[in-house]
Amino acid sequence: MLRCEGLAQTYLSGGRPLTVLKDITFSLEGGGFLAIVGPSGSGKTTLLGLLAGLDTPSAGEVWIDGDEVTTMTEDQRARMRSAKVGFVFQSFQLIPTLTARENVQVPLELRGEPSEARAAELLARVGLGDRLDHYPAQLSGGEQQRVALARAFSIRPKILFADEPTGNLDARTGSTIIELMLELNRAEGTTLVLVTHDSDIASLARRTIRLSDGQVVEDRAAA
Amino acid sequence: MSDQFVWRMAWRETRGSRRRLVLLTAAITAGVAALVAVNSFAANLRSAVEDQALALFGADLTVSSRAPFTPVTRALLDSLVAPDSAGGLGGGPGQVSVVVSFNGMAYVPRTDGVRLVQVAAVESGYPYYGEILTEPTGAWAELQQGGKVLVDPGLLTTLGGVLGDTLALGQSRFVIAAAVTSQPGNVAAASAFTSRIYIAARDLEATGLLQFGSRAEYEAFVKLAQPARATEIAKLYRPVLRPERAGIRSVEQNRSDLTEALTQLSNYLGLVALIALLLGGMGVASAVHVFIRQKLDSIAVLRVLGAGTGRLFTVYLIQAIGLGAVGSLIGATLGAALQRVLPLVLADLLPVDVTVALDPGAVLLGLGLGIWVSVMFTLMPLLAIRRVSPLRTLRRNVEQLPGRDPARIVAAIALVVSVAGLAAVQAGRLRDGIAFTIALGVVVVILWLASLALIRGLRRWFPSRWPYVWRQGLANLYRPGNQTVTVVLSLGFGAFLLSTLYLVQSNLLRDLNVAGVSARPNLAFLDIQPDQRDGVLQQLREAGIDRVEAVPMIPMRIASIKGKPVVIRPPSETDSLSADSAAVATGWAMRREYRSSYRDSLVDSEELVAGTWWEGPMTDPAQPVDVSLEVDIATELHVTIGDEIVWDVQGIKIPSRVANTRKVDWARFEPNFFAVFRGGALEEAPGFMVSLVRVEDPAQRGRLQRTVAEQYPNVTSIDLGSLQQLLEKILGRVALAIRFMAGFSLATGAVVLVGAIATTRFQRVREAVLLKTLGAVRRQVLRVFLAEYLALGLLSAGMAVGLSTAAGWGLAKFIFETDFAVPFPALGAILLVILALTVGIGLFSSLDILRRTPLEVLRNE
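Read on for a plain summary of the structure. (Residues numbered from 1 in each chain as written. Chains lettered and ligands numbered in written order. Predicted model: local features only at pLDDT ≥ 70, side-chain atom pairs only at ≥ 80, totals over all residues. Heavy atoms only, no water.)

## Brief notes about the overall build of chain B
Threshold: Numbering of helices and strands starts at the N terminus; helices are DSSP runs of H or I of at least 4 residues and strands are runs of E of at least 2. Only protein chains enter the accessibility calculation, which uses a 1.4 Å probe. A residue is then buried if its area is under 20% of the maximum for its type, exposed if over 50%, and partly exposed in between. Every residue pair with non-hydrogen atoms within 4.5 Å of one another is taken to be in contact. Only the protein chains shown count as covering a residue, and every accessible area follows the Shrake-Rupley method with a 1.4 Å probe. When charges are counted, Lys and Arg contribute as positive and Asp and Glu as negative, whereas His and the chain ends are disregarded. By convention, the point assigned to a charge is CZ for Arg, NZ for Lys, CD for Glu and CG for Asp.
Counting its regular elements, chain B contains 25 helices and 22 strands. With the C-alpha coordinates of chain B rotated into their principal frame, the extents come out at 100 × 65 × 65 Å. Counting over 861 residues, chain B shows a buried share of 54%. For chain B, restricting intrachain contacts to residue pairs at least 6 apart in sequence, the fraction spanning at least 24 positions comes to 79%. For chain B, the exposed surface amounts to about 37,300 Å²; the carbon and sulfur share of it is 59%. With 81 positive and 70 negative side-chain charges, chain B shows a spacing of 18 Å between the two charge centroids.

## A look at the interface of chain A and chain B
This is how it is decided: Accessible area that two parts lose when put together, with a 1.4 Å probe and added across both, is what the buried area reports. Each reported salt bridge corresponds to a side-chain nitrogen of Lys or Arg within 4 Å of a carboxyl oxygen of Asp or Glu.
Every contact between the two is made by 29 residues of chain A and, on the other side, 28 residues of chain B. Note on chain A versus chain B: buried area summed over both sides is about 2,600 Å², and carbon and sulfur give 59% of it. Among the residues chain A hides against chain B, the three largest losses belong to Thr97(A), Glu109(A) and Leu110(A). Together they make up 24% of the total. Our enumeration of links across chain A and chain B arrives at five salt bridges. With its nearest N and O atoms 3.7 Å apart, the salt bridge here joins Glu102(A) to Arg12(B).

## What to know about the pattern of salt bridges
Following the criterion strictly, the structure yields 44 salt bridges over all chains and no others. Measuring nitrogen to oxygen at the nearest pair gives 3.7 Å for the salt bridge that ties Arg118(A) to Glu121(A). Of the two residues, Arg118(A) and Glu121(A) both sit in helix 4 (residues 116-125), three residues apart, roughly one turn of that helix. In this structure, Asp112(B) and Arg706(B) form a salt bridge, with 3.2 Å as the shortest nitrogen-oxygen distance. Separated by 594 residues along the polypeptide, Asp112(B) in the loop between strand 2 (95-108) and strand 3 (113-122) and Arg706(B) in helix 20 (residues 698-711) bring together distant segments of the chain. Of the residues examined, Asp112(B) reaches a relative accessible area of 40% and is grouped as partly exposed. Residues joined in a network through salt bridges with shared partners are Glu102(A), Glu109(A), Arg8(B), Arg12(B) and Arg15(B).

## A look at the nonpolar core
All names here are of chain B. In plain terms, the rule: Only buried Ala, Val, Leu, Ile, Met, Phe, Trp, Tyr and Cys residues count toward a nonpolar core, and they belong to the same one when joined by side-chain atoms within 4.5 Å.
Residues Leu-274, Ile-292, Phe-493 and Met-741 are the most contacted members of the largest nonpolar core, which totals 134 residues. Each residue touching Leu-274, except ones within four places of it in the same chain, is listed here: Leu-35, Leu-422, Ala-423, Gln-426 and Phe-436. Phe-69, Val-117, Leu-169 and Phe-174 belong to the second largest nonpolar core, which has 40 residues in total.

## A look at the packing of aromatic side chains
The criterion, for reference: Pairing of aromatic rings covers Phe, Tyr and the six-membered ring of Trp, with a centre-to-centre limit of 6.5 Å; geometry is then stacked below 30 degrees between planes, edge-to-face above 60, and tilted otherwise. Only lysine NZ and arginine CZ atoms are considered, and such an atom sits over a ring when it is within 6 Å of the ring centre and within 35 degrees of the ring normal.
Summed over the entire model, instances satisfying the criterion amount to twelve aromatic pairs over all chains. A centroid spacing of 5.5 Å and a plane angle of 75° characterise the contact between Trp647(B) and Phe677(B), whose relative ring orientation is edge-to-face. In this pair, Trp647(B) is assigned in strand 18 (residues 644-649) and Phe677(B) in strand 20 (residues 675-677), connecting sequence segments 30 residues apart. With respect to class, Trp647(B) is no different from Phe677(B); both count as buried. The structure contains a cluster of three or more aromatic residues connected by ring pairs, namely Tyr126(B), Trp140(B), Tyr198(B) and Phe221(B). Across the ring face of Trp63(A), the terminal group of Arg3(A) is positioned such that the distance to the ring centre comes to 3.9 Å. A cation over a ring is seen here: Arg592(B) above Tyr594(B), with NZ or CZ 4.9 Å from the ring centre.

## Re the environment of Glu549(B)
Residue and element names in this part refer to chain B. Counting through the fold element by element, Glu-549 comes out in the loop between helix 17 (533-542) and strand 12 (551-561). Classification of Glu-549 by relative accessible area gives partly exposed; the value is 49%. Through-space distance from the C-alpha of Glu-549 to that of Gln-505 is 33 Å; in sequence the pair is 44 residues apart.

## Describing the sheet that holds strand 3 (residues 33-37) of chain A
Residue and element names in this part refer to chain A. The cut-off we apply is this: DSSP calls a pair of strands paired once it identifies at least 2 bridges connecting them. Interaxial angle, 0 to 180 degrees, is taken between N-to-C directions of lines fitted to C-alpha atoms, where a helix line uses only the stretch in contact.
Overall, mixed pairing links the six strands, which are arranged 6-7-8-3-9-10 in an open sheet. Strands at the two margins of the open sheet, each flanked by one partner only, are strand 6 (85-88) and strand 10 (215-221). Strand after strand, the sheet turns through a mean of 15° between neighbouring axes, direction not considered. Of the strand pairs in this sheet, strand 3 and strand 9 (residues 207-212) are connected by four bridges, and their pairing is parallel. Across the sheet, the residue bridging to Val-37 is Arg-210, located in strand 9. In the packing of helix 2 (residues 74-84) onto the sheet, contacts are made with strand 6 and strand 7 (159-163), and the angle to strand 6 comes to roughly 85°.

## With respect to helix 3 (residues 100-110) of chain A
Given 3.6 residues per turn, any residue in an α-helix points the same way as the ones three and four places further on. All names here are of chain A. For helix 3, the tally of buried residues reaches eleven of eleven residues, placing the bulk of the element in the interior. The set of residues buried in helix 3 consists of Ala-100, Arg-101, Glu-102, Asn-103, Val-104, Gln-105, Val-106, Pro-107, Leu-108, Glu-109 and Leu-110. Positive phi appears at Gly-112, one or two residues downstream of helix 3, with a value of about 75°.

## Here's the deal with the packing of helix 2 (residues 18-57) of chain B against helix 10 (residues 309-338) of chain B
All names here are of chain B. We count it as follows: Roughly parallel here means an angle under 35 degrees, roughly antiparallel means over 145, roughly perpendicular means 65 to 115, and every remaining angle is called oblique. We call a crossing left-handed when the near helix sits turned anticlockwise from the far one by less than a right angle, and right-handed when that turn is clockwise. Polar here means any residue other than Ala, Val, Leu, Ile, Met, Phe, Trp, Tyr, Cys and Pro, which are nonpolar, and Asp, Glu, Lys and Arg, which are charged; Gly is therefore polar.
The geometry of helix 2 relative to helix 10 is characterised by a closest axis approach of 6 Å and an angle of 40° between their N-to-C directions. With respect to each other, helix 2 and helix 10 are oriented oblique. With respect to the hand of their crossing, helix 2 and helix 10 are arranged in right-handed fashion. Residue-level contacts link Leu-21, Leu-24, Thr-25, Ile-28, Thr-29, Val-32, Ala-33, Val-36 and Ala-37 of helix 2 to Leu-323, Gly-324, Val-326, Gly-327, Ser-328, Ile-330, Gly-331, Ala-332, Leu-334, Gly-335, Ala-336 and Leu-338 of helix 10. Its residues assigned to classes, the contact of helix 2 with helix 10 comprises 14 nonpolar, seven polar and no charged.

## Remarks on helix 1 (residues 44-51) of chain A
Residues and elements named next belong to chain A. Among the eight residues in helix 1, seven count as buried, and that is most of the element. Among the residues of helix 1, Lys-44, Thr-46, Leu-47, Leu-48, Gly-49, Leu-50 and Leu-51 are the ones counted as buried. Phi for Gly-53, located one or two positions after helix 1, is positive at around 75°.

Rendered as structure tokens:
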């Protein structure tokens, strides 16, 4: 489902090149659950961005469900994401001018598919069936992340990327979010790639890749 | 179905910003309103001219001349109206009525009221179209009985007369039979200069007013049996009449000329209106730029979710179009109401009665232009959407997608071409459109550079020792997302326009100022015959005037230049001196009648340019007379120092030699001449005299005019003080119309200022709340805002006044060719008004920000 080879990323910082990722290679089968862990500055988020096709690497290739993402144009990647990829962000990233329901509907509307029923169903599943018409500003952090989850799963994605989904939440709320994510993951059969610095969350994954200084220092399957 | 996404998102994305977006629409509204008002007014004008052309003209054809009709002219007129002319060009017997118009002094003996009037001695028949209405009715038909005069109602008031009073005109006495309440082609402003009075043609000779040298216009109004032939006849006979020094015009020509003149007026007013719209576009562009910056996160999320570049761009483009459409609709509605104002403002200057009717074409044009401007000005900020990286969702400081965007260059070029195109459409000519765009561009660039200079200057030389509140306010001018450039551009431009108009008007009037300059004459006596000279001068001396003199005026024409006789040919031929024996006199300078003089020195209004001035009179009658030419006339005639010109003075040829050229200040109310001869040659030539004197007391001026008019009825007098007041009134009217339109620019500037404050409102709220949290009282927070608005206002007003001074100087020097003086008090007042406007609007819009509590804001975060 997901494969990367020789992935590397270098940025210009203060006029000097800064290598954030060096020669990352791995693959992940469909339905898998991968946690990417590492200390702050290890390149986790950069790697996630490359794997999801949000950025172009300095070197290497990425394949998602057999499609090579790295050579696609930005619009081609957008279409690919619309078809196959879900994303959950640390800062929720809901569109503030849309209600909870409308936020969940957006991915389906982009595909030209009926959206209202699916959005209502998903929001009910995440416990927000009575908050359909509330705006993000009217929701708590945990509620916003639940909406984000519902949005991510609306298109039945083949693969879901999550960047520190509980980073801005308290432990209890975060735990609820992870449970929901796993439940949806099991129900929809989605491959899950999650970046976290929380070892408890990482321990739920079937496979863990540890990064340090932009390199894979450990690639371990759960026992 | 996928298109529904863009429409839905376009609507949804306006949530939370609708009030701000309404403000943006107002930026377009003022400009569209102005354009709809002007263009609808122009359409009404064209319609009025179309409907009233015949009535304005009064005939199918006119033949006119400054001298009595020659036998050839008379024969032509007879051929058009003879009973047996059925087979001729007129297509049948027509009618002709001759009107002789000239200036004369009218006074009412009962009241001692005296006034310069334009006398029209009318034969029966005129006007053949339209009618002259009188009060009481029917007086026009009775005019031909003789002994009666019909006058302008304003003249009655000026003279203090009533119907039935005796009016003295030259040697004759008339009964004021009626007031003329409506006459074709009457321009109220023109009649303010000289009122028109009507007498029967049979009464003209008895007045004794038409003497040698009197200026009169002879007009024959012709009604054809087949009016449709008028244009054809005019074209055929024009070259025949030209050597007879007569002109021929058809009603169609008149209609066309009038339409062109009025169209030019409305075109220029429309250009001023267009400026308001373009300023609004700048305001919208800036606000959209900030709006998009605030949407970058949402745009990045939508990209992650799978929205392509094109669809995202379309979402916000729909918003821009919607903005433009709403603003234009409101503007068109407002313009429909405002178009009623323009006819009222310009009523005195128009020769037609304008019926106010909304022109659908003007409305559609306004709507289209408003939407077009909204789109073109927002294209560049919208194009930034295409460069938003989805990676922004993970890292806020990520740069835009790499690579150049040629679309931005295309958008910029499209914008400039659009502006030039719009200006060309509005001005009616591509050349004018391009000139307008360049001028606009220069002012915009200067204002923009000034804003940048302020921002950079502040950053570099920040007044770090000033009190905190002032430092904070000034720092806000260059905070991220500031609107400094937009506000200075729009407010500054509006103020620049109004200030320039005021400077031009005040300088023109200053130049024409007679009453205020104690040394200059303010009363002129014209058409003094040589044998009346001593008597008139004696009367002036008896009135207590010390400096009296009479300046001779000799009418003459040019017979030959440099040995080549002047021959009048049709304009279709070249007007340069040809190699063969005949000089072709198509140029006005060669064809015209000159009223020349002779003296032994230059006067105050003149300045020698080339050659030398003579000393003493001519002593050798065999030599050509030395003549001094005005420098521009010399250029027109293609003559230089030493060239020979032979003049025709009532049939007598006077050879002359160009001794020098002069520059003349024509704005001075003094007898100025194109040609001045050396004394000793023309003293016995047939001519008349002019005397200019100064009399301080207006009542004494009036008495003197009456006294001279009683004794010498053919001598006309002009009170230059009253003339100046009338000029001020007319210039004031024109300036008012232009200022009315320019006011839309200032209104747009004010709207853009409010919009700019609204756009940066969030930052101001946060700032105010944080300051309050840190211990600032409301007064201190208010001072922070005050500092910012003061700086904005000072820069806008300062730049406007500075630029307008430069523009005023340029217009005075190169267009009007007058001296330029800066009215500092008035400019100071303009500066203060703009400053007060900026600070007032700014503080008023910020008041509710001060009322927000810290907790409100922090909770919302």
